[in-house]
Amino acid sequence: MFRELCQKAFTKALWVYHVNTGACNGCDIEVINVLTPYYDAERFGIKLVGSPRHADVLLVSGPVTRQVAPAVKRLWEAVPAPKLVFAIGSCAAGGGIWFDTYNVIGGAEKVLPVDFFIPGCPPRPEAILYGVAVALGLAPKKVAPVYSRQEFLSLVESGKTPEEFVSPLAGSDTISA
């Protein structure tokens with residue numbers, strides 16, 4: 001349902017506004033790298049804009065610090081609806097290595113309603129493009145089965161081959177490996 005909503009709301013192009021909330025600039029470099037001619041994100045309609053009032057998407061990188069939290073909230077309110085928020089990198093996803101420091105609130109989800117997380121420290125440009133493509137419904141989502149150690153050992157002891165493994169967490173449409 002969310003995919004259909006995104007396809008209807010963002011039919012042509014995504015105009016993104018990039019926000020650094022206290023990052024080390026590793027994720028920022030990778031986001032800018034996505035916009036270079038080598039990766040050519042504009043072929044998907046992704047364009048960087050200079051004002052949040054023109055943006056459809058906020059790309060948030062870095063842990064949210066106490067000093068920047070009110071400004072990020074105001075920035076999110078300035079983006080017209082419908083809007084999406086992407087948390088780029090480990091720091092924006094959960095605070096990264098600074099999650100328990102005195103000046104960091106945590107990841108972007110502590111302040112903003114994050115729609116999509118793109119993990120990595122820093123995430124590769126291919127991962128950023130893939131995350132945006134999955135959000136727009138341009139690429140299928142890849143889901144790997146999840147097993148606990150005990151489940152895996154019991155499956156191996158039962159003599160099943162890896163092709164026969166089916167995760168209880170994965171849906172019936174998921175290809176298990």
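In what follows, the accompanying structure is described. (Residues numbered from 1 in each chain as written. Predicted model: local features only at pLDDT ≥ 70, side-chain atom pairs only at ≥ 80, totals over all residues. Heavy atoms only, no water.)

### Notes on the overall build of the protein
For step 1, the next point in the chain: On a plain count of helices and strands, the protein comes out with 6 helices and 7 strands.
For step 2, the next point in the chain: Going residue by residue from the N terminus, the α and β elements of the protein occur as α-β-α-β-β-β-α-β-α-β-β-α-α.
For step 3, the next point in the chain: Buried residues in the protein amount to 39% of all 177 residues.
For step 4, the next point in the chain: Taking as baseline every contact in the protein between residues at least 6 positions apart, the subset at least 24 positions apart corresponds to 75%.
For step 5, the next point in the chain: As presented, the protein carries roughly 10,600 Å² of accessible surface, and 59% of it is formed by carbon and sulfur atoms. (Helix = DSSP H or I, 4+ residues; strand = E, 2+ residues; numbered from the N terminus. Buried < 20%, exposed > 50% of the residue type's maximum accessible area, 1.4 Å probe, protein only. Contact = heavy atoms within 4.5 Å. Areas by Shrake-Rupley, 256 points an atom, 1.4 Å probe, with all protein chains shown as cover.)

### Description of the pattern of salt bridges
For step 1, the next point in the chain: Across all of its chains, the model carries 1 salt bridge by this definition.
For step 2, the next point in the chain: R124 serves as the salt-bridge partner of E126, at 3.3 Å between the closest nitrogen and oxygen.
For step 3, the next point in the chain: The class of R124 is exposed, set by a relative accessible area of 53%. (Salt bridge = Lys/Arg side-chain N within 4 Å of Asp/Glu carboxyl O.)

### Details of the environment of E77
For step 1, the next point in the chain: By the element assignment, E77 lies in helix α3 (residues 69-78).
For step 2, the next point in the chain: Considered as a pair, E77 and P52 are 25 residues apart in the sequence and their alpha carbons are 9.0 Å apart.

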